[in-house]
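Listed below, chain by chain, are the residues.
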Amino acid sequence: MSARDQVAGEIIHATRELKLPTVREVFASLADQARAEAWSHEEYLAGVLARQIASRTTNAVNTRMTQARFPATKTLAEFDFTMIASQARDLVAHLATSTFVPKADNVILLGPPGVGKTHLAIALGREACQHGWRVAFDSANGWVTRLASAHQTGRLDGELRRLDRYRLLICDELGYLPLDAQAASLFFQLVAHRYERASILITSNLSFARWGETLGDEVIAAATIDRLVHHAQVITIDGDSYRTRHHRTTPTPKKEPHQ
Ligand code: ADP
Ligand code: MG
């Protein structure tokens, strides 16, 4: 065995011990490049370490994206910002920096069906994952169902604390299905627990004035909204459904004349 093979064997052993799979993958080819381009030892080492860090960062983002359980892949790049008012556009651009997450600020996206609320919720959630924050997505009813089963087995407090690990909790579609009294109370407890502790992003087809309808109780609705909006960005998106509008503005392809 040549001296170089022996050193390679030692490096491979060390990368297993230290769990540095990318170093294992790249050290030999980068060494060839280093020799060809006369890198210093330090430059070579820095290059290898940079590759390991890059792959670890990518893996961590991918893991957070998977754990978030987004129902679809929607990105800000795919979002047509000409469809929303310029004020909302500026707010979304600001939210895309994810600085609201460490501040435990909330985000409320309001508007009729089809205007892109869920799209933006997912896209902002993805940005938060990319900025290093753990995110979890579910419908408002999905969250309430989970909390109800925890409550039934006396684990509500534990479950609320467990959810603290997600610095951004996305509750999609509040208002489509009315919540019964217990569900509304659980939803309030979720909001109250996370108040000034961790962010919630809510999408709803109902203006605040109508949250009493879905929460079944004006007092609970007022208390929930009070805590939510104390530190929140509220974005109201008006207009027609993107689908309908898109349909209307896309010209129907003309039939080819018979030849
Ligand atoms: P909402 O949650 O407000 O009911 P969605 O986010 O589900 O609406 O949007 C409906 C569909 O239209 C989705 O496929 C979404 O990606 C698309 N969509 C809505 N608004 C836009 C937009 N401004 N740019 C690009 N796609 C959009
Ligand atoms: Mg939606």
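Residues numbered from 1 in each chain as written. Chains lettered and ligands numbered in written order. Predicted model: local features only at pLDDT ≥ 70, side-chain atom pairs only at ≥ 80, totals over all residues. Heavy atoms only, no water.

Peer 1: So, the domain arrangement of the protein chain: which residues are in play, and what are the values?
Peer 2: When the domains of the protein chain are assigned, the result is domain 1 (3-67) and domain 2 (69-245). On the domain 2 side, the residues contacting the five residues of domain 1 number nine residues. Here domain 1 and domain 2 share an interface that buries about 690 Å² over both sides, 54% of which is from carbon and sulfur atoms. Looking only at domain 1, the three residues that lose the most surface to domain 2 are Arg-64, Met-65 and Gln-67, adding up to 86% of its buried area. Linking domain 1 with domain 2 are zero salt bridges, by the criterion used here. Taken together, the residues of the side of domain 1 that touches domain 2 break down into two nonpolar, two polar and one charged. (Domains from an automatic or database assignment. Contact = heavy atoms within 4.5 Å. Buried area = accessible area lost by both parts, 1.4 Å probe. Salt bridge = Lys/Arg side-chain N within 4 Å of Asp/Glu carboxyl O. Nonpolar A, V, L, I, M, F, W, Y, C, P; charged D, E, K, R; others polar.)

Peer 1: Residues and numbers for the pattern of salt bridges, please.
Peer 2: For the structure shown, the criterion picks out five salt bridges. Between Arg-162 and Glu-159 there is a salt bridge, with its nearest N and O atoms 3.1 Å apart. On the criterion of helical spacing, the pair formed by Arg-162 and Glu-159 is a turn pair, its members being three residues apart in helix 7 (residues 156-163). In this structure, Arg-197 engages Asp-164 in a salt bridge whose closest nitrogen and oxygen atoms are separated by 3.9 Å. (Helix = DSSP H or I, 4+ residues; strand = E, 2+ residues; numbered from the N terminus.)

Peer 1: Lay out the environment of Ala-136 in plain terms, naming residues and giving numbers.
Peer 2: Along the chain, Ala-136 turns up in strand 2 (residues 135-139). For the pair formed by Ala-136 and Ala-222, sequence separation is 86 residues and the distance between their alpha carbons is 25 Å. Look past the residues within four positions of Ala-136 in its chain and what remains in contact with it is Ala-68, Trp-143, Tyr-166, Leu-168, Leu-169 and Ile-170.

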